[in-house]
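Fold and geometry: a report
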Amino acid sequence: MWLGIDLGTSGVKSVIVDEDGAVLSQSTAALSVQRPNPLWSEQAPAAWWEATKASIICLPEKQRASVKGIGLSGQMHGAVLLDKTDVVLRPAILWNDGRSAPYCAALDPMARKFTGNLAMAGFTAPKLSWVRENEPEIFSATRKVLLPKDYLRLLLTGEKASEMSDASGTLWLDVAERRWSPEMLAATGMDERYMPALVEGAEVSGKLRRAVADELGLPVVPVAGGAGDQAAGAIGAGVTDPGQAFLSLGTSGVVFAASGGFEPAPENGVHAFCHALPDRWHAMTVMLSAAACLDWVTRLTGFTDVPSALEAAAYNDTPASKLPLFLPYLSGERTPHNNPSAKGVFFGMSQETGPAELVRSTLEGVGFGLRDGLDAMASKPDQLSVIGGGAQSEHWAQILADILVVPLIYRDGASVGPANGAARLARLAVTADSVADVCTQPPEQSRFCPKSNQDDRFAKFRSLYPALKSSFGEF
Ligand SMILES: Nc1ncnc2c1ncn2[C@@H]1O[C@H](COP(=O)(O)OP(=O)(O)O)[C@@H](O)[C@H]1O
Ligand SMILES: O=C(CO)[C@@H](O)[C@H](O)COP(=O)(O)O
């Protein structure tokens, strides 16, 4: 048995996977996000740890006792600042936090040169520029900066380590060479001593501490490097070779394509990062609020939960031409606009607009945002496997297939894709099993092909951002 732990933004998911790759059990412990100031997005690392333990302890006792290795996956880019005794100095600044935007311009030329990526506000390095200027006492006390899942690793094993896929999202990694970049570290007043050791995703990074093992009913087993949640999702979905791609419908929305090598294309905000396997890279586009918009519109409209809101949308028959258009920029946007100050908008409301129409517009607007991401990619994938919490809705699947104009494939275990990928990396780290044997595509459950043309609505959607852009910063 292999234990995969995925530190998502909305919760920690743990899965146990057997020798044949079947997900035997899964458990989720919810997390909340704190937004104490405009553009800020934070979580307490202590809450991650409590949720991690809560999710593991709910897995069946017998399965836990049979675990042979653990893999970690997690939300990317977040900054956990530790002092010289490994005490957390402030709440973690998350991937969808836009406060560091003013520091990106200065880093951008170097980021393009040394990492092949744009300096974007959600990445880790600009966050440290913000801390250095705005919280100088915290910056001076900082001795290590860890990514979210790597903080869990520290508590699980006592080791400070990261791996290439997640480290790519810091802007401190030389992505082509898979090593820390002294130039990028110096640009934020740091050097390699602030960074954890680097391993590959399918290498062992340490061993579970005895006390933690006893508390969680686990044996003392190796913990693999793991991956950032998107690369872990790719391993779970069997997206490892050029031409393979997936769509993630988590808090964020991601189009991820495995590439033949390191192929930087920073225009339009396409990220070129290391994959979780050695000598492999990938391209991805990221929208900051995807399924997060469903939670928001559910609260806004007063439906009891996301499935009820989706059901109301499915039964609503207002002609699509009468629906408002929704710009899904509730936390700003990364790809393609690279604008943390962009805002959510309902455009075209009328007396006929009610709760179900708003939910429908939201489902559609997230689709349009994802289409913007897909169009930013250098080449369009033939099909996309779908993973993440949003993969639970067939109604949304057809809307998305129509907008994206690409077949969408729903596979077994889609909603726990990154946790499954983390478990697979643990298996690769501990056994001699091959990537081809372990990283298979899970069986197909259903397939949604484009049926109705949405290009006219999409053109209207696209016209709104340039028209509103200059006003966003004023709010
Ligand atoms: N039945 C459902 N259909 C579609 N989306 C859903 C459903 N239930 C939950 N979700 C969405 O799943 C999202 C969480 O997905 P998940 O992949 O777990 O995110 P993260 O990894 O960011 O924590 C929530 O934002 C929620 O809107
Ligand atoms: O910023 C990115 C990827 O670059 C996000 O995808 C985060 O990694 C959060 O992922 P989810 O919580 O939405 O899975």
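As annotated in an unreviewed UniProt entry, the chain is Xylulose kinase from Erythrobacter crassostreae. Per UniProt, the chain carries the Function (unreviewed entry) text "Catalyzes the phosphorylation of D-xylulose to D-xylulose 5-phosphate." In its Sequence similarities (unreviewed entry) section, UniProt records this for the chain: "Belongs to the FGGY kinase family."

**Topic: the overall build of the chain**
Secondary structure assignment for the chain yields 17 helices and 24 strands. For a compact globule of 475 residues, the expected C-alpha radius of gyration is about 23 Å, and the chain comes in at 21 Å, within 12% of that figure. Every one of the 475 residues in the chain was classed for burial, and the buried ones make up 56%. Across the chain, the fraction of contacts at a sequence separation of at least 24, relative to all contacts at a separation of at least 6, is 73%.

**Remarks on the packing of helix H10 (residues 229–237) against helix H15 (residues 417–430)**
Relative orientation and spacing of two packed helices are given, respectively, by the angle between their axes and the distance between those axes. The interhelical angle for the contact between H10 and H15, taken along N-to-C directions, is 75°, at an axis separation of 6 Å. The angle between the axes of H10 and H15 places the two elements in the roughly perpendicular class. Here H10 contributes Asp229, Ala232, Gly233, Ala234, Ile235, Gly236 and Ala237 to the contact with H15, which in turn contributes Gly417, Pro418, Asn420, Gly421, Ala422, Arg424 and Leu425. Its residues placed into classes, the contact of H10 with H15 shows 7 nonpolar, 5 polar and 2 charged.

**Concerning helix H12 (residues 306–315)**
Along H12, the positions that sit buried rather than exposed are Ala309, Leu310 and Ala313. Within H12, the buried residues cover an arc of 100° as seen down the axis, which keeps them to one side. Against the buried residues of H12 lie helix H11 (291–301), helix H13 (355–376) and helix H14 (394–404).

**Considering the packing of H12 against H13**
Remark: H12 packs on H13, axes separated minimally by 8 Å, with the N-to-C direction vectors making an angle of 95°. Between H12 and H13, the angle falls in the class roughly perpendicular. Touching Ala309, Ala312 and Ala313 of H12 are Pro355, Ala356, Val359, Arg360 and Leu363, all from H13. Partitioning the contact of H12 with H13 into residue classes produces 7 nonpolar, no polar and 1 charged.

**Regarding the UniProt feature "domain: Carbohydrate kinase FGGY C-terminal" (unreviewed entry) in the chain**
According to UniProt, the "domain: Carbohydrate kinase FGGY C-terminal" (unreviewed entry) feature falls on residues 246–428. A helix fraction of 36% and a strand fraction of 21% characterise residues 246–428, whose end C-alpha atoms lie 22 Å from each other.

**What to know about the UniProt feature "active site" (unreviewed entry) in the chain**
The UniProt feature table records "active site" (unreviewed entry) at Asp229. Residue placement: Asp229 occurs in helix H10. The residues touching Asp229, leaving out its near neighbours within four places in the chain, are Asp6, Gly8, Ser73, Gly74, Gln75, Met76 and Pro418.

**Brief notes about the site of ligand 1**
Residues in close proximity to ligand 1 total 18 residues, the closest being Gly8, Ser10, Gly250, Thr251 and Gly389. The set of elements that each furnish at least two residues to the shell around ligand 1 consists of H11 and H12. Per-class residue counts for the shell around ligand 1 are 6 nonpolar, 11 polar and 1 charged.

**Here we look at helix H1 (residues 45–57)**
Relative to the 18 Å expected for 13 residues at 1.5 Å per residue, H1 spans 19 Å between its end C-alpha atoms, a close match to the ideal helical length. Looking only at H1, the buried set comprises Pro45, Trp48, Ala51, Thr52, Ser55 and Ile56. Buried residues of H1, seen end-on, are gathered within an arc of 130° and therefore sit on one face of the element.

**Considerations on the sheet that holds strand E24 (residues 444–448)**
With respect to topology, 7 strands assemble into an open sheet ordered E18-E19-E17-E16-E22-E23-E24, the strand pairing being mixed. The open sheet is flanked by strand E18 (271–274) and E24, the only strands paired with a single partner. Adjacent strand axes in the sheet meet at a mean angle of 30° when their direction is disregarded. Where H14 meets the sheet, its contacts fall on strand E22 (384–387), strand E23 (408–411) and E24, and the angle it forms with E23 comes to roughly 150°.

**Comments concerning the nonpolar core**
Counting 137 residues, the largest nonpolar core has Phe246, Val386, Leu408 and Leu425 as the members making the most contacts within it. For this core, the leading source of residues is H13, giving 8 residues. Apart from residues lying up to four places away in sequence, Val386 is in contact with Phe246, Leu247, Leu249, Ala391, Ala397, Leu408, Ile409, Tyr410 and Ala414.

**As for the site of ligand 2**
Surveying the vicinity of ligand 2 reveals 15 residues, the closest of which are Thr9, Met76, Trp95, Gly250 and Ser252. Grouping the amino acids of the shell around ligand 2 by side-chain chemistry returns 4 nonpolar, 10 polar and 1 charged.

**Considering the environment of Ile409**
Within the fold, Ile409 resides in strand E23. Taking C-alpha positions, Ile409 is 46 Å from Glu135, a pair spaced 274 residues apart along the chain. In contact with Ile409, not counting residues within four places along its chain, are Gln383, Leu384, Ser385, Val386, Glu444 and Arg447.

**A word on the pairing of strand E5 (residues 69–74)**
Taken residue by residue, a regular strand's side chains alternate between the two faces of the sheet. Taking burial as the measure, the 6 residues of E5 include 6 buried ones, the bulk of the element. A two-sided burial pattern is seen for E5, the buried positions comprising Gly69, Gly71 and Ser73 on one face and Ile70, Leu72 and Gly74 on the other. Inspection of the sheet shows strand E1 (residues 2–7) paired to E5 by 6 bridges, in the parallel sense. Each residue of the ladder has a partner; that of Trp2, found in E5, is Gly69. Direction of pairing for E5 relative to strand E15 (residues 227–228): parallel, over a ladder of 2 bridges. By the bridge assignment for E15, Gly74 is matched with Gly228.

Quick notes on the rules
- Residues numbered from 1 in each chain as written.
- Chains lettered and ligands numbered in written order.
- Predicted model: local features only at pLDDT ≥ 70, side-chain atom pairs only at ≥ 80, totals over all residues.
- UniProt positions renumbered as here; feature names shortened; annotations may be inferred.
- Helix = DSSP H or I, 4+ residues; strand = E, 2+ residues; numbered from the N terminus.
- Rg over C-alpha atoms; globule rule 2.2 N^0.38 Å.
- Buried ≥ 20, exposed ≤ 12 C-beta atoms within 10 Å, placed from the backbone.
- Contact = placed C-beta atoms within 7 Å.
- Axes fitted to C-alpha atoms, helices over the stretch in contact; angles between N-to-C directions.
- Parallel < 35°, antiparallel > 145°, perpendicular 65-115°, else oblique.
- Nonpolar A, V, L, I, M, F, W, Y, C, P; charged D, E, K, R; others polar.
- Arc of directions from axis to C-beta.
- Near = placed C-beta within 6 Å.
- Expected span 1.5 Å × (residues − 1).
- Pairing = 2+ DSSP bridges.
- Core = buried A, V, L, I, M, F, W, Y, C linked by C-beta atoms within 7 Å.

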